[in-house]
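# Structural description and commentary
Chain by chain, the residues:
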Amino acid sequence: MPRPRVIGLLLALATLLAYLPATQDLFINYDDDVYITQNQVVQRGLTWGGVKWAFTTWHASNWHPLTWLSHMADCELFHLNPGGHHLVNVLFHAANATLLFMLLLSLTDALWPSAFIAAVFAWHPLHVESVAWVSERKDVLSAFFALLALLSYVRFARENRRGSFWLAVFFFALGLMSKPMLVTLPFVMLLLDYWPLQRIRNPEAKTRNVRRCVLEKWPFFLLAAMSSTVTFLAQRNEAVASLAKVPLTLRFENAILAYGSYLLKAIWPVHLAVFYPLSEHTAWFLTATVAAVLILISAVVWLERRRSPWLLAGWLWFLGMLVPVIGLVQVGDQAMADRYGYFPLIGIFIAITFTAAKWANGARLPKIACAVAGVLILSACLVLTENQLRYWHDSESLFTHALAVTKDNALARLNLGAALEEQNKPEEALIEYQKALQLDSHRHELYNNIGKLLSNGGKPEAALNYSREAVRLNPKSPFSHNNLGLVLMGLGRFDEAMGQFSKAAKLDANY
């Protein structure tokens, strides 16, 4: 068997072994309920009704039908056994590592740098969230199709095979139907045209070549535009924050800090959390410092573009692929998310690895020294990944850790309280809910959960105000109306309760 095939196989096997503990994890109470554990359509498995629903729903504020179908297939095979669902994520991640190795090798013909980049991608602790969280199937699934699209595109660029071009378009479409964040992939193709394909670096015909490379990608840009439109429509009513809630200045400041955080965590991956709360106030000095560092890196990359073109390609890969999720269009309450770096950080790994290889060759370092350095880095990644995997075993571990490494994290307290409530610890859960309420008094879930706890504890009068406030904050939530109905039932106000149950049913047939 040729050496690259052996390396690819070993890479996949090592990744499977590294993530094997994830197959012992449980579902968590953050999004897994929306995608699986409380989603009756998904739980029915692969049915014609489910397929139609997957292609027509905006449930979870997204249009990603292939992601829904993959969860349905899991339920068909494993029912609600979380180990099977986790295993599929791990298999996709291992496949992605091998595909990345194949892509880089076909692009650069550099065996060991390609293998190293793929291994860092596979074992970097920042990617644990995308693999160990069942709801993030969309990350590993979309990356799988994105890598197949890039491999097909490279074959087209090398051999001018139109069949490979349209195969790349097909895989790109599948990737968008898994996660719309891939809308920037056509720009990655342009970066590959620059380096290492060198289709637009010929000085004598640079303008003509750039125009040709851009125009030939019209199917990709068309699909990206369509996906962006559908995604905005799916998210605008519920997920996208208004400018009144998150002002434009705060969005730009947070975007700068987020870029800096992704870069720092790629190099020094500590204090990783499932949720990083968006702060209403940012330190101007810190923002200015991070902006200066980013500008300085960009300047160095630009000055070195002729001698080290991979720097420009990798840096723009990183910056560009994060644009849809960097917060300029603020979706949700997070400042950033580890999962968003799953595909963009490949650019940073490329830039650093090929620069280090050039420096080592220039300094004529012994190959054994380079090998030892590479092994140490990968070993550190594996150790940190194994440590990070421990926190994903269950909801209590996950959100207790998030509270330990972040501050003012209302969502982490909310979900920790829910985990404690599931373990029949109502007093401890109520404490977490009340602490969360002090941090964020606008979360209808908190009022719902407190109302339910008080009602279940035989205090329906105390629960009523909380349940009413939950409905006021989110009148489109069927859960809020259903919960208020239960509280009213406990007070003997049956007509009012039936009215709330009716509203819940109109909003969601599951109620």
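The structure reproduced in this document is the subject of the present report.

### What to know about the overall build of the protein chain
The number of helices and strands found in the protein chain is 25 helices and two strands. What you see for the protein chain is a C-alpha radius of gyration of 24 Å, in line with the 24 Å of a compact globule of 511 residues. Each principal axis of the C-alpha atoms in the protein chain carries an extent, and together these give about 80 × 45 × 45 Å. Buried positions account for 54% of the 511 residues belonging to the protein chain. In the protein chain, 72% of the contacts between residues at least 6 apart in sequence involve partners at least 24 apart. For the protein chain, the accessible surface area stands at approximately 24000 Å², while carbon and sulfur atoms represent 64% of it. The average position of the 43 basic charges and that of the 36 acidic charges among the side chains of the protein chain differ by 13 Å.

### Observations regarding the side chain of Lys138
With respect to the helices and strands, Lys138 occurs in helix H9 (residues 137-159). Excluding residues within four positions of it along the chain, Lys138 makes contact with Tyr35, His64, Thr67, Ser178 and Lys179.

### Some remarks on empty space enclosed by the protein
A complete count under the given rule lists three cavities of 30 Å³ or more for this structure. Its boundaries defined by the atoms lining it, the largest cavity holds a volume of some 90 Å³. Every residue along the wall of the largest cavity is listed here: Asp139, Ser142, Ala143, Lys179, Met181, Leu182, Met321, Arg339, Tyr340, Tyr342, Phe343 and Pro344. Considering every element that reaches the lining of the largest cavity, the biggest residue donor is H9, with three residues. Across the lining of the largest cavity, the residue classes tally to eight nonpolar, one polar and three charged. Empty space within the second largest cavity amounts to approximately 70 Å³. Residue lining of the second largest cavity: Leu104, Leu107, Thr108, Leu192, Trp195, Pro196, Ala313, Gly314, Trp317, Ile350 and Phe354, and that is the complete set.

### Digging into the layout of surface pockets
When its volume is computed, the second largest pocket comes out at roughly 1300 Å³. Lining the second largest pocket are 40 residues, and of these Trp112, Phe116, Thr353, Cys370 and Gly374 lie nearest its centre. Among the elements of the structure, helix H1 (3-18), helix H7 (111-123), helix H14 (248-267), helix H17 (345-363) and helix H18 (367-391) are those that each provide at least two residues to the lining of the second largest pocket.

### Observations regarding unusual backbone geometry
Of note, the bond from Trp195 into Pro196 is cis; its omega dihedral lies within 30 degrees of zero at 5°. Residue placement: Pro196 occurs in the loop between helix H11 (185-194) and helix H12 (206-215). Residue Asp31 is not a glycine yet carries a positive backbone phi of 75°. For Asp31, the location among the structural elements is in the loop between H1 and helix H2 (32-37). Accessibility expressed as a relative area gives 24% for Asp31, which makes it partly exposed. A positive phi angle, close to 55°, is found at Arg364, a residue other than glycine. Structurally, Arg364 is set in the loop between H17 and H18. The class of Arg364 is exposed, set by a relative accessible area of 77%.

### Considering the packing of H1 against H7
Relative orientation of the contacting elements H1 and H7 amounts to 15°, with a least axis distance of 10 Å. On the basis of their axis angle, the class for H1 and H7 is roughly parallel. In this structure, H1 meets H7 at a crossing whose hand is right-handed. Side by side, H1 and H7 meet where Arg3, Pro4, Ile7, Leu11, Ala14 and Thr15 of the first sit next to Leu111, Trp112, Ala115, Ala118, Ala119, Ala122 and Trp123 of the second.

### As for the environment of Pro269
Checked against the element boundaries, Pro269 lands in the loop between H14 and strand S1 (276-277). The class of Pro269 is buried, set by a relative accessible area of 11%. Expressed as a C-alpha distance, the spacing of Pro269 and Arg155, which sit 114 residues apart in the sequence, is 35 Å. Ignoring anything within four residues of it in the chain, the contact list for Pro269 reads His124, Pro125, Leu264 and Leu384.

### Quick word on the nonpolar core
Side chains of a nonpolar character, in soluble globular proteins, are inclined to be buried together. Counting 155 residues, the largest nonpolar core has Leu150, Leu185, Val274, Trp317, Phe318 and Phe343 as the members making the most contacts within it. Take this core: its biggest share by element is 13 residues, from H9. Sequence-distant contacts of Leu150, defined by excluding residues within four places in its chain, comprise Leu103, Leu185, Val188, Met189, Leu192, Trp317 and Phe343.

### Quick word on the side chain of Thr23
Of note, Thr23 is situated in the loop between H1 and H2. Within the local environment of Thr23, its side chain forms a polar contact with the backbone oxygen of Leu20, the two atoms lying 2.6 Å apart. In this structure, Thr23 is in contact with Gly83, His86 and Leu87, ignoring residues within four places of it in sequence.

### With respect to the packing of aromatic side chains
Following the criterion strictly, the structure yields 24 aromatic pairs and no others. Their ring planes at 25° and their centres at 4.9 Å tell us that Tyr35 and Trp68 sit as a pair that is stacked. In this pair, Tyr35 is assigned in helix H2 and Trp68 in helix H5 (residues 65-78), connecting sequence segments 33 residues apart. Taking the relative accessible area as the measure of exposure, Tyr35 reaches 3% and is therefore buried. Taking the centre distance of 5.3 Å and the plane angle of 65° together, the rings of Phe187 and Phe221 count as edge-to-face. Separated by 34 residues along the polypeptide, Phe187 in helix H11 and Phe221 in helix H13 (residues 218-235) bring together distant segments of the chain. Of the residues examined, Phe221 reaches a relative accessible area of 24% and is grouped as partly exposed.

Definitions and cut-offs
- Residues numbered from 1 in each chain as written.
- Predicted model: local features only at pLDDT ≥ 70, side-chain atom pairs only at ≥ 80, totals over all residues.
- Heavy atoms only, no water.
- Helix = DSSP H or I, 4+ residues; strand = E, 2+ residues; numbered from the N terminus.
- Rg over C-alpha atoms; globule rule 2.2 N^0.38 Å.
- Buried < 20%, exposed > 50% of the residue type's maximum accessible area, 1.4 Å probe, protein only.
- Contact = heavy atoms within 4.5 Å.
- Areas by Shrake-Rupley, 256 points an atom, 1.4 Å probe, with all protein chains shown as cover.
- Lys, Arg positive; Asp, Glu negative; His and termini not counted.
- Charge placed at Lys NZ, Arg CZ, Asp CG, Glu CD.
- 1 Å grid on protein atoms, 1.4 Å probe; cavity = no way out; pocket = protein on both sides within 12 Å on 5 of 7 lines; lining within 4 Å.
- Points joined across faces, edges and corners; volume = space filled by probe spheres on them.
- Nonpolar A, V, L, I, M, F, W, Y, C, P; charged D, E, K, R; others polar.
- Axes fitted to C-alpha atoms, helices over the stretch in contact; angles between N-to-C directions.
- Parallel < 35°, antiparallel > 145°, perpendicular 65-115°, else oblique.
- Left-handed = near helix turned anticlockwise from the far one by under 90°.
- Core = buried A, V, L, I, M, F, W, Y, C linked by side-chain atoms within 4.5 Å.
- Polar contact = N/O pair within 3.5 Å; in protein donor to acceptor, adjacent residues only side chain to side chain.
- Phe/Tyr/Trp six-rings, centres within 6.5 Å; stacked < 30°, edge-to-face > 60°.

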